[in-house]
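What follows is each chain in one-letter form.
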Amino acid sequence: MRENPMIQTAPPPAPARKWRERGITLALLLAVWLGAQWWQTREVPSGPAPAFTLPAVSAQDGQQLSLAQWRAAHPGRPGALDFWSESCPICKLQQPNVSSVGQDWPVLTIALQSGDVATVRQALGRRGLDWPTVVDARGALTKQYGIGAVPAFVVIDAGGQVRGVSVGYTSEIGMRLRLWWAALRA
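Residues numbered from 1 in each chain as written. Predicted model: local features only at pLDDT ≥ 70, side-chain atom pairs only at ≥ 80, totals over all residues. Heavy atoms only, no water.

Another aspect to go through is the sheet that holds strand 3 (residues 64-66). Judged by pairing direction, the sheet is mixed, and its eight strands sit side by side in the order 1-8-7-4-5-6-2-3 without closing on themselves. Lying at the two open borders of the sheet, with one neighbouring strand each, are strand 1 (47-48) and strand 3. Where strand 4 (residues 79-84) and strand 7 (residues 152-156) come together, five bridges link them in antiparallel fashion. Each residue of the ladder has a partner; that of alanine 80, found in strand 7, is valine 155. Set on the sheet, helix 3 (residues 89-102) makes contact with strand 4 and strand 5 (107-112); between it and strand 5 the angle comes to about 155 degrees. On top of the sheet, helix 4 (residues 117-127) reaches strand 2 (53-57), strand 4, strand 5 and strand 6 (133-136); it is set at about 45 degrees to strand 2, its chief contact. (Pairing = 2+ DSSP bridges. Helix = DSSP H or I, 4+ residues; strand = E, 2+ residues; numbered from the N terminus. Contact = heavy atoms within 4.5 Å. Axes fitted to C-alpha atoms, helices over the stretch in contact; angles between N-to-C directions.)

Following this line, the structure appears as structure tokens:
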């Protein structure tokens, strides 16, 4: 039998159409977000985390801390580098996430272009933060890591390999999942 061209198929019921539209919208938003993350992290090196030695914010002025020293203090564990700046409002919004994750995972924060050691120490003190922090006063380390914006959260696995990078606000669960994933991949 031939179909009658005068008979039209009915559109899907309203609830099904509404869910399909929401799914398409969600998929488009996810694609835009993933594209933005890829664009912001496209220059981040893969493989071994670039080595560094920077001034540490500690009780002793002039003390230096290297990536190797920091990693040696946390053997066999993945950790994260959290790049932030004193002038960054999103960094301030994200600081409770960094503090919480830092209680369970090794996190070294890098103060980008936020002043010298004394200035960064004062900023951390005003905020009540006791983060292990190094100072990237000129932004050289940030460039070495290919970071174009802050905040940035770089996950390094137990073997010293860069395993994940997020730029912009990262939720606590997002940080924890990235570290957990790096631990599984080791």
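It is worth spelling out the packing of aromatic side chains at this point. The full count for this structure, using the stated rule, is four aromatic pairs. Seen in terms of ring centroids, tryptophan 84 and tryptophan 131 are 5.9 Å apart; in terms of plane orientation they differ by 75 degrees. Their pairing is edge-to-face. One end of the pair, tryptophan 84, is in strand 4; the other, tryptophan 131, is in the loop between helix 4 and strand 6, with 47 residues separating them in the sequence. The exposure classification of tryptophan 84 matches that of tryptophan 131, with both residues buried. Here the aromatic rings of tryptophan 180 and tryptophan 181 are separated by 6.5 Å at their centres, their planes lie at 50 degrees, and the arrangement is tilted. (Phe/Tyr/Trp six-rings, centres within 6.5 Å; stacked < 30°, edge-to-face > 60°. Buried < 20%, exposed > 50% of the residue type's maximum accessible area, 1.4 Å probe, protein only.)

Moving on to the pattern of salt bridges. Inspection of every chain in the model, using the stated rule, returns five salt bridges. Put simply, arginine 126 and glutamate 86 hold a salt bridge, and the shortest N to O gap is 3.4 Å. Note that arginine 126 is positioned in helix 4 and glutamate 86 in the loop between strand 4 and helix 3, a separation of 40 residues in sequence. When salt bridges with common partners are traced through the structure, they connect Glu86, Arg126 and Arg127 into a single cluster. (Salt bridge = Lys/Arg side-chain N within 4 Å of Asp/Glu carboxyl O.)

As a further point, take unusual backbone geometry. Glycine aside, negative phi is the norm for most residues, and most peptide bonds take the trans geometry. Across the junction of valine 150 and proline 151, the peptide omega takes the value 0 degrees, indicating a cis bond. With respect to the helices and strands, proline 151 occurs in the loop between helix 5 (140-144) and strand 7. Although it is not a glycine, glutamine 113 sits at a positive phi angle of roughly 45 degrees. Since its relative accessible area comes to 51%, glutamine 113 is described here as exposed.

Now for the packing of helix 3 against helix 6 (residues 172-185). One can describe the packing of helix 3 onto helix 6 by two numbers: an axis separation of 9 Å at closest approach and a directional angle of 40 degrees. On the basis of the axis angle, helix 3 is oblique to helix 6. Here helix 3 runs over helix 6; the crossing is right-handed. Where helix 3 approaches helix 6, its residues Gln94, Asn97, Val98, Ser100 and Val101 are matched on the opposing element by Glu172, Met175, Arg176 and Leu179. When grouped by side-chain class, the residues that make up the contact of helix 3 with helix 6 number four nonpolar, three polar and two charged. (Parallel < 35°, antiparallel > 145°, perpendicular 65-115°, else oblique. Left-handed = near helix turned anticlockwise from the far one by under 90°. Nonpolar A, V, L, I, M, F, W, Y, C, P; charged D, E, K, R; others polar.)

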